[in-house]
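One letter stands for each residue in the lines below.
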Amino acid sequence: MSRALKFLMFIYFVVFLTTGTFMVLIVNADEGSQPWITLLVRNHSIVYAWHLVCWMILGMFTNYYWDLFNMGKGIESMQVLRIVLPLLVSPFVFMPTYNLWLASSSQSYMLFAVIAIQSGFFWQALLAKVAPLDKPASIPWSVNNGANRANRAAATSNGPELS
């Protein structure tokens, strides 16, 4: 494992553990808490957004390790550039989860952590829908699809006619 990868993993775990600790302090805060904890409580959305990002990145790392181990390779085969690619597209993957959390009235922090890790694990499937089409889609109910309508009409005219 390269030094750059070890450094990235160290930074990730520090941020993940810090935001997780802050979330525990925020949830358990009361009126008699320290002033810095009440500051965290007032800004809990920022701390929780960073914590959700950490869960999503954990899902991306888990997907990478899953694919790596399914190919019969070990941790020594990890490449920094293969891990950086999911990090580059992570804002696109994170925005739906973040908007869902903002629009929700649920107080369950764990629910959105599960959604974030799942979004991270399936990041390739989420972005596969964004890829350009190779050929135009054949949608039978579209206005400009008269050729397909004519082909269907010719195919059904050979069948029994209903009166």
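Just so you know, these numbers come straight off a predicted model, no measurement behind them.

Student: Just checking my understanding: could you explain the overall build of the protein for this structure?
Tutor: Regarding its fold elements, the protein presents seven helices and zero strands. In sequence order, the secondary structure elements of the protein are arranged as α-α-α-α-α-α-α. Counting only contacts in the protein whose residues sit at least 6 apart along the sequence, the fraction spanning at least 24 positions is 68%. Surface accessibility of the protein: about 11,600 Å² in total, with carbon and sulfur atoms responsible for 67%.

Student: Can you walk me through a nonpolar patch on the surface in this structure?
Tutor: Residues Phe7, Phe10, Ile11, Val14, Val15, Ile46 and Trp50 make up a contiguous nonpolar surface patch of roughly 690 Å² in combined accessible area. If you list the elements that add at least two residues to the nonpolar patch, you get helix H1 (3-27) and helix H3 (44-70). At five residues, the largest contribution of residues to the nonpolar patch is made by H1. One can find Phe10 in helix H1.

Student: Explanation requested: the nonpolar core in the structure shown.
Tutor: For soluble globular proteins, nonpolar side chains are generally found buried alongside one another. Tyr12, Tyr48, Leu52, Met56, Ile57, Met78 and Ile83 are the most contacted members of the largest nonpolar core, which totals 29 residues. Those elements giving two or more residues to this core turn out to be H1, H3, helix H4 (80-103) and helix H5 (109-121). Among residues more than four places away in sequence, those in contact with Met56 are Ser90, Val93, Phe94, Ala116, Ile117 and Gly120.

Student: Looking at this structure, how should I read H1?
Tutor: Quick reminder: α-helices carry 3.6 residues per turn. Residues three or four places apart thus point the same way. End to end, H1 covers 36 Å across 25 residues, agreeing with the expected 36 Å (1.5 Å per residue, within 8%). Considered for burial, the residues of H1 that qualify are Leu5, Met9, Tyr12, Phe16, Thr19, Gly20, Met23 and Ile26. Those residues of H1 that are buried are in contact with helix H2 (35-42), H3, H4 and H5.

Student: Looking at this structure, how should I read the packing of aromatic side chains?
Tutor: The relation between two aromatic rings is expressed through the spacing of the ring centres and the mutual angle of the planes. Under the counting rule described, the total for this entry stands at 12 aromatic pairs. Taken together, a centroid distance of 5.2 Å and an interplanar angle of 65° make the contact between Tyr12 and Phe13 edge-to-face. Note on Tyr12: relative accessible area 7%, which makes it buried. Residue Phe13 is classed as partly exposed on the basis of its relative accessible area of 41%. Look at Tyr98 and Trp101: their rings are 5.9 Å apart centre to centre, the planes differ by 40°, and that puts the pair in the tilted class. In this pair, Tyr98 and Trp101 are both assigned in helix H4, three residues apart and thus about one turn of the helix distant. Chaining the aromatic ring pairs together yields one cluster made of Tyr12, Phe13, Phe16, Trp55, Phe61, Tyr64, Tyr65 and Phe69.

Student: Could you clarify how one ought to interpret the packing of H1 against H3 in this entry?
Tutor: In a packed pair of helices, the relevant descriptors are the angle between the two axes and the axis-to-axis distance. It is at 9 Å that the axes of H1 and H3 come closest, and there the two elements cross at 140°. With respect to H3, the axis of H1 lies oblique. Read as a crossing pair, H1 and H3 show a hand that is left-handed. Contacts between H1 and H3 involve Met9, Tyr12, Val15, Phe16, Thr19, Gly20, Phe22, Met23 and Ile26 from the former and His44, Val47, Tyr48, Trp50, His51, Cys54, Trp55, Ile57, Leu58, Phe61 and Tyr65 from the latter.

Student: In this structure, what is going on with the side chain of Thr19? I would like to understand it.
Tutor: Mapped onto the secondary structure, Thr19 falls in helix H1. Classification of Thr19 by relative accessible area gives buried; the value is 8%. Beyond its immediate chain neighbours, meaning those up to four positions away, Thr19 contacts Val47, Trp50, His51 and Cys54.

Student: Could you clarify how one ought to interpret the packing of H3 against H4 in this entry?
Tutor: Orientation of H3 relative to H4, taken along the N-to-C sense of each, is 135°, at an axis distance of 9 Å. One way to sum up the angle between H3 and H4 is to call them oblique. Of the two elements, H3 crosses H4, and the hand of that crossing is right-handed. Of the residues in H4, those in contact with Ser45, Tyr48, Ala49, Leu52, Val53, Met56, Ile57, Met60, Phe61 and Tyr64 of H3 are Arg82, Ile83, Pro86, Leu87, Ser90, Val93, Phe94, Tyr98 and Trp101. Looking at the contact of H3 with H4 residue by residue, the class counts come to 16 nonpolar, two polar and one charged.

Basis of the calculations
- Residues numbered from 1 in each chain as written.
- Predicted model: local features only at pLDDT ≥ 70, side-chain atom pairs only at ≥ 80, totals over all residues.
- Heavy atoms only, no water.
- Helix = DSSP H or I, 4+ residues; strand = E, 2+ residues; numbered from the N terminus.
- Contact = heavy atoms within 4.5 Å.
- Areas by Shrake-Rupley, 256 points an atom, 1.4 Å probe, with all protein chains shown as cover.
- Patch = residues over 30% accessible without salt bridge, like charges linked within 9 Å, V, L, I, M, F, W, Y side chains within 5 Å.
- Salt bridge = Lys/Arg side-chain N within 4 Å of Asp/Glu carboxyl O.
- Core = buried A, V, L, I, M, F, W, Y, C linked by side-chain atoms within 4.5 Å.
- Buried < 20%, exposed > 50% of the residue type's maximum accessible area, 1.4 Å probe, protein only.
- Expected span 1.5 Å × (residues − 1).
- Phe/Tyr/Trp six-rings, centres within 6.5 Å; stacked < 30°, edge-to-face > 60°.
- Axes fitted to C-alpha atoms, helices over the stretch in contact; angles between N-to-C directions.
- Parallel < 35°, antiparallel > 145°, perpendicular 65-115°, else oblique.
- Left-handed = near helix turned anticlockwise from the far one by under 90°.
- Nonpolar A, V, L, I, M, F, W, Y, C, P; charged D, E, K, R; others polar.

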